[in-house]
Amino acid sequence: MNALHDPALLDLSLPPESRDSRRRQVGPIELRDAAVQRFNHLLAQIAPNAPRVSADQLVTLARWLEAQPRERAVAILSERLARAEHLRRMLNDTDWEVGAETRERARMLIGYLQQVDDLIPDSQPLLGQLDDALLVELAWPAFADETLDYGDFCRFRAVEQPRGTPRERRLAWETACLAEVALLQQRRQVRARHYIGGEPLPALFRVS
């Protein structure tokens, strides 16, 4: 399967720390402790349960990314940046109401991505987006559920084109979701009765 379409091939996992924890060089860029600490502080604000990142782990990840085929490396970074763009659209969609805490966390994430001179300057070929993509990857559990709901709402809105106010359009989507859940539950109950608790089927043949 093409790497551009297989999520398993677009993995961006934080590697374990090397024994040589003194490594600081990502390409021509030296990762200073203060800059790494600022990155981790922001990550903790966005997603408190996310793991902290060391300079050594970034060096390992950068070397791994450079060793990938160019198309795959670009796809790995682009997939994370596409998630951030989906998040940005969600924040700007007047049909979708985002809670204050989630909105603030999302703004912090997007604000970092808009910086040019961040932990790894964006001017660096390929590696300049590594810190951006890693921030999205590690912080994404804080947004995953809501962005999935928003994506489902967007598909519903495009197909059904509900009318009314933003609240009425979202209510129409929620009603459709509840109806779908009820239908799935009904089908499961019917299958359960048929295969487990139903009456035995009548014999088609009788042997005398």
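Each remark here, short or long, concerns the structure printed above.
Residues numbered from 1 in each chain as written. Predicted model: local features only at pLDDT ≥ 70, side-chain atom pairs only at ≥ 80, totals over all residues. Heavy atoms only, no water.

Draft legend 1. Quick look at the nonpolar core. Of all hydrophobic cores here, the largest spans 52 residues; its most connected members are Leu31, Ile46, Leu65, Leu119, Leu130, Leu135 and Phe143. Mapped onto this core, the elements with two or more residues apiece are helix H1 (33-46), helix H2 (55-67), helix H3 (70-92), helix H4 (100-114), helix H5 (130-139) and helix H6 (144-160). Those residues in contact with Leu31 that lie beyond four places of it in its chain are Arg24, Val26, Val36, Ala55, Leu58, Val59, Leu119 and Ile120. (Core = buried A, V, L, I, M, F, W, Y, C linked by side-chain atoms within 4.5 Å. Buried < 20%, exposed > 50% of the residue type's maximum accessible area, 1.4 Å probe, protein only. Helix = DSSP H or I, 4+ residues; strand = E, 2+ residues; numbered from the N terminus. Contact = heavy atoms within 4.5 Å.)

Draft legend 2. Quick peek at H4. Its 15 residues place the ends of H4 21 Å apart at the C-alpha level, agreeing with the 21 Å of an ideal helix rising 1.5 Å per residue. When H4 is considered as a whole, its buried residues turn out to be Thr102, Ala106, Met108, Leu109, Ile110, Tyr112 and Leu113. Looking at the packing, one finds that the buried side of H4 touches H1, H3, H5 and H6. (Expected span 1.5 Å × (residues − 1).)

Draft legend 3. Main features of the packing of H1 against H4. In the contact formed by H1 and H4, the axes pass within 9 Å of each other and the chain directions differ by 150°. In terms of orientation, H1 lies roughly antiparallel with respect to H4. Relative to H4, H1 is oriented so that their crossing is left-handed. Mapping the contact onto sequence places Phe39, Leu42, Gln45 and Ile46 in H1 and Arg105, Met108, Leu109 and Tyr112 in H4. Taken together, the residues that form the contact of H1 with H4 break down as six nonpolar, one polar and one charged. (Axes fitted to C-alpha atoms, helices over the stretch in contact; angles between N-to-C directions. Parallel < 35°, antiparallel > 145°, perpendicular 65-115°, else oblique. Left-handed = near helix turned anticlockwise from the far one by under 90°. Nonpolar A, V, L, I, M, F, W, Y, C, P; charged D, E, K, R; others polar.)

Draft legend 4. Spotlight on the side chain of Asp131. The residue Asp131 is located in helix H5 in this model. Put simply, Asp131 is tucked away with no salt bridge, and the nearest opposite charge, on Arg38, sits 10 Å away. Within the structure, Asp131 has its side chain in polar contact with the side chain of Tyr112 (distance 2.5 Å). Discounting chain neighbours no more than four positions away, the residues touching Asp131 are Phe39, Tyr112, Asp118, Leu119 and Ile120. (Lys, Arg positive; Asp, Glu negative; His and termini not counted. Salt bridge = Lys/Arg side-chain N within 4 Å of Asp/Glu carboxyl O. Polar contact = N/O pair within 3.5 Å; in protein donor to acceptor, adjacent residues only side chain to side chain.)

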